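One-letter residues, chain by chain:
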Amino acid sequence: MSFMPVILWSDALVFLLLAAGISCAWYVRQHEHLLLPWRRVAQNPTAMVSLLVLSLFLLVGLLDTLHYRVLLPENNNGQKVYSPEVLSVFDKLLAPLRTHTEKTYSAPLAMTLYAKESISEANGLVSREYPRLRYGGAHLSDPQQRDGDVLKRGLSGALAGLLAGLLIALSGKRPLARHGWPVRPLLIATLIIFTVIGMTADLAGAYHVLGTDKVGQDVLYLSLKSIRTGLIIGTVTTLVTLPLALLLGIAAGYLRGWVDDVIQYIYTVLSSIPSVLLIAAAVLMMQVTIDTHPQWFDTSASRADLRLVFLCLILGVTSWTGLCRLLRGETLKLREMEYIQAAQAFGVPSLRILTRHILPNVMHIVLISLVMDFSGLVLAEAVLSYVGVGVDPSMISFGTMINAARLEMGRDPVVWWALASAFGFMLALVLAANLFADAVRDAFDPRLNRSAVAA
């Protein structure tokens, strides 16, 4: 093989979450009472458009999760040696954006660097000019041709994307209508999204659409690469949060007594500690361990990935207390219901009562909390990486982009596009997640459902 598949720790956790999600979806489809709230979500135009946007982010994240190492030319001993650089399928698809690096800053759609440099002319004089980029607009001989070329490429790409979106929309119109989904909003959103993608793809083939950063990397590529980090922080953290909150919250509400007192004491003490300080201390200790054991890692990517997984672990340990409180209160209420007391009177074991009666009736709270906490975790990564206790500096994320843009905003002229790009992509991800979370909450909240039926 010309490449060797690589499975990082975060990749394995993503695959585990993907398998769990598919299993849950299959289980929900077999039970009508579980499928009914999701049908209400599917009939919400805002929710489905938000889900469409989230699906694009998830697609980018999954493509960026399939990692491999390229086979290098054989050495004198004939042994196979693989490159120490870990790439992904997403890197392969966007190879021009990844490899076409400039010298330093360049503005969006520019043909020259952002700052003047001293250039020696043939007659020996030195002049201050804006040097041409190696790749951005290199197909044009005259910079005056740029505006017309950008307009032409933008319109042709937008038209191609519009046609592709139109074909997909027409092919999916009948299945959407048959399932009762909001056809018109989804079709309009599909056309808009594919138009933007087509225009961006056509322009990215000849220009740096969102400019370049200090070391000449394409900002569009960096923004797209940051999506995987945000998604992992927002989803993998649930693997830690969910078991702790479920086990301790239900145990405290159902068993009560000294068990309830101990669990309340634990999450009260944990909530009283500033989470940023706790995360910073844990990450710094982990970094010391990583630095003193370099033999654990064969690539720099595995080293950065371990810190990402550990950050998810710390965020999960510090963020389970809110859901635990909600589950404890709901379990205390359910414990006094007649069917629970009847089961206890008939001698049904406590474990069966918890798994058969308590757990299914608190899952709507779990689902609503996890979906709504997703956006908060994405923002938390950006803040932690900004203050230097987030992901590894070599890992691309929204937080590291914002941290790198911090000094750029203080120079003259201002380099604004890196910060604006990170902010725009993060805003789209968080806004789509929040809108979808609102729809899920409305569909699964029993009180809202009862009031809607009464109206």
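The model shown is predicted, which means the values in this text are computed figures rather than measured ones.

**Describing the overall build of the chain**
- Of the regular secondary structure elements, the chain holds 18 helices and 5 strands.
- Reported as C-alpha extents along the three principal axes, the dimensions of the chain are approximately 100 × 60 × 50 Å.
- The 455 residues of the chain split such that 41% are buried.
- Nonlocal contacts in the chain, meaning residues at least 24 apart in sequence, comprise 71% of its contacts between residues at least 6 apart.

**Comments concerning the domain arrangement of the chain**
- Domain assignment breaks the chain into domain 1 (3-34 + 65-204) and domain 2 (219-449).
- Spacing between the C-alpha centres of domain 1 and domain 2 amounts to 28 Å.
- Across the contact, 27 residues belong to domain 1 and 24 residues belong to domain 2.
- Counting the surface lost from both domain 1 and domain 2, the interface buries some 2100 Å², and carbon and sulfur atoms represent 73% of this.
- Broken down residue by residue, the surface that domain 1 buries against domain 2 is led by Leu 17, Tyr 105 and Tyr 114, which jointly contribute 28%.
- Run the count over domain 1 and domain 2 and you get 3 salt bridges.

**A closer look at the pattern of salt bridges**
- Applying the stated criterion to the full structure yields 16 salt bridges.
- One salt bridge in this structure joins Lys 225 and Asp 64, with 2.9 Å as the shortest N-O distance. With Lys 225 in helix H8 (residues 219-236) and Asp 64 in the loop between helix H3 (45-63) and strand S2 (67-70), this residue pair connects regions lying 161 residues apart in the sequence.
- With a closest N to O distance of 3.6 Å, Glu 85 and Arg 98 form a salt bridge. Note that Glu 85 is positioned in the loop between S2 and strand S3 (87-88) and Arg 98 in helix H5 (residues 95-99), a separation of 13 residues in sequence.

**Let's talk about the packing of H8 against helix H9 (residues 238-255)**
- Taken N-terminus to C-terminus, the directions of H8 and H9 make an angle of 10°; their axes are 6 Å apart at the nearest point. Between H8 and H9, the angle falls in the class roughly parallel. Listed contacts from H9 to Gly 234, Thr 235 and Val 236 of H8 are Thr 238, Leu 239 and Val 240.
- Each residue belonging to the contact of H8 with H9 can be placed in one class, and the counts come to 3 nonpolar, 3 polar and no charged.

**Digging into the environment of Gly 249**
- Among the structural elements, Gly 249 can be located in helix H9.
- For Gly 249, a relative accessible area of 0% gives the class buried.
- For Gly 249 and Asp 260, which are 11 residues apart along the polypeptide, the C-alpha to C-alpha distance reads 8.7 Å.
- Once residues lying within four places of it in the same chain are set aside, the contact partners of Gly 249 are Leu 244, Cys 324, Leu 327, Arg 328 and Thr 331.

**A closer look at the sheet that holds strand S1 (residues 3-6)**
- In space, the 3 strands of this open sheet follow the order S1-S2-S3, with antiparallel pairing throughout. Lying at the two open borders of the sheet, with one neighbouring strand each, are S1 and S3.
- Where S2 and S3 come together, 2 bridges link them in antiparallel fashion. What sits directly across from His 67, in S3, is Ser 88.

**Let's talk about the side chain of Thr 241**
- Here Thr 241 is to be found in helix H9.
- Accessibility expressed as a relative area gives 6% for Thr 241, which makes it buried.
- Not counting residues within four places of it along the chain, the set of residues in contact with Thr 241 comprises Gly 316, Ser 319 and Trp 320.

**Remarks on the confidence of the model for the chain**
- Of all residues in the chain, 96% have pLDDT values of 70 or greater, and the mean over the chain is 85.
- Predicted confidence is poor over residues 450-455, with pLDDT under 50, and the contacts of this stretch with residues over four places away or in other chains come to 0 contacts.

**Looking at the side chain of Ser 302**
- As for its position among the elements, Ser 302 is in helix H12 (residues 300-319).
- Within the local environment of Ser 302, its side chain forms a polar contact with the backbone oxygen of Thr 299, the two atoms lying 2.7 Å apart.
- Leave out the neighbours within four places in its chain, and Ser 302 touches Leu 8 and Phe 297.

Rules of the game
Residues numbered from 1 in each chain as written. Predicted model: local features only at pLDDT ≥ 70, side-chain atom pairs only at ≥ 80, totals over all residues. Heavy atoms only, no water. Helix = DSSP H or I, 4+ residues; strand = E, 2+ residues; numbered from the N terminus. Buried < 20%, exposed > 50% of the residue type's maximum accessible area, 1.4 Å probe, protein only. Contact = heavy atoms within 4.5 Å. Domains from an automatic or database assignment. Buried area = accessible area lost by both parts, 1.4 Å probe. Salt bridge = Lys/Arg side-chain N within 4 Å of Asp/Glu carboxyl O. Axes fitted to C-alpha atoms, helices over the stretch in contact; angles between N-to-C directions. Parallel < 35°, antiparallel > 145°, perpendicular 65-115°, else oblique. Nonpolar A, V, L, I, M, F, W, Y, C, P; charged D, E, K, R; others polar. Pairing = 2+ DSSP bridges. pLDDT = per-residue confidence, 0-100. Polar contact = N/O pair within 3.5 Å; in protein donor to acceptor, adjacent residues only side chain to side chain.

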